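# Per-entry structural report
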Amino acid sequence: MVLFFSSNATADGLPVTIYMGKDKVENEDLIKYAWPQDVWFHVDKLSSAHVYLRMPDGMNWEAIPQAVLVDCAQLVKANSIEGNKKDNITVIYTPADNLKKQGDMAVGQVAFHNDKRVKRIHVAKRENPIVNRLNKTKVEKQVDHEQERIERVKKENAEKRAQAAQRKKEEAELARQRAEEKAARSYDSLFNVEEDPDVPKLTGKAIEEDFM
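These numbers were taken from a predicted model, which means no experiment stands behind them.

When you line up the elements, K77 lands in helix α2 (residues 66-78). With 14 residues separating them in the primary sequence, K77 and V91 have C-alpha atoms 7.9 Å apart. If we ignore the near neighbours within four places in the chain, the residues touching K77 are V43, G83, N84, K86, D87, I89, V123, K125 and R126.

As C-alpha cells, this is what we get:
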C-alpha cells in the first residue's frame, strides 16, 4: 500500500503530491518504480519512511520551494521512530534516479550514484500544525506499479509525438513564409532596374518624339 498526501505550500497554491510506502517492503517497489520527476527524502543516518515528492511541470529539484521542502521534511521526521523523538535532525533529499540499489543491501536500504546530487535540510523540531495538515489529506491506495509505469511511458511518448508533430508543422510554416518572401523579393527586383546616371532623363514630350 502507498500513502498519498497533498501539499498546497506552493507559491501559486496548487497542490503537489507527496507519497511514501507503508512499510519497507513497499519501499523496495517505490525505489524501483519512482518517476523521473520524483524526489526522495529520508532522515539522515536514522531509520525513517521513504518519502517522495512528485514535482509538477516547471519545478526543479534544486529549486524546490522552501515551504514544500519543509512539508516533506516534517513528514519524514514524523514517520521516523527515532527521528520523531529528536530535535535538530537532518533530512537528506535527492532525485529518485540518483538512488542506487545493490544486491547485498538490506530491504529498504539505498545508496547514491552521485553523492554531489544529495542535498540536506535542517529540521529543528516537529511542527504539529504542518504534520496534522498533511495527515488530513492522507489517502491509502493499492498501486499496480508496473501498470502505472506502462501508462506513464505511453502518455509521455504520446506527448513527445505531439510535440514533434507541432515542431514539424511550425518548421513547415516557417519554410513556406521564407519561400514566399524570397519569391516576392525576386519579383520586385524585375521592376527595380537601376538607372544609368550618365543617360539624361527624357521629358514626356521627348519620350513621345523618341517613340515616334
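That shown, we press on.
Attention now goes to helix α1 (residues 24-33). Among all positions of α1, only E26, N27, L30, I31 and Y33 are buried. The N-capping residue of α1, defined by a side-chain oxygen 3.1 Å from the backbone nitrogen of V25, is D23.

Using the criterion set out here, one finds 8 salt bridges in the structure. Two residues, E140 and K22, come together in a salt bridge whose shortest N-O distance is 2.9 Å. With a gap of 118 residues between them, E140 in strand β9 (residues 139-141) and K22 in the loop between β2 (16-21) and α1 connect regions that are remote in the sequence. A residue is classified by how much of its surface remains accessible, and E140, at 40% relative accessible area, is partly exposed. The partly exposed category is assigned to K22, whose relative accessible area is 48%.

Each value, and the rule that gives it
- Residues numbered from 1 in each chain as written.
- Predicted model: local features only at pLDDT ≥ 70, side-chain atom pairs only at ≥ 80, totals over all residues.
- Heavy atoms only, no water.
- Helix = DSSP H or I, 4+ residues; strand = E, 2+ residues; numbered from the N terminus.
- Contact = heavy atoms within 4.5 Å.
- Buried < 20%, exposed > 50% of the residue type's maximum accessible area, 1.4 Å probe, protein only.
- Polar contact = N/O pair within 3.5 Å; in protein donor to acceptor, adjacent residues only side chain to side chain.
- Salt bridge = Lys/Arg side-chain N within 4 Å of Asp/Glu carboxyl O.

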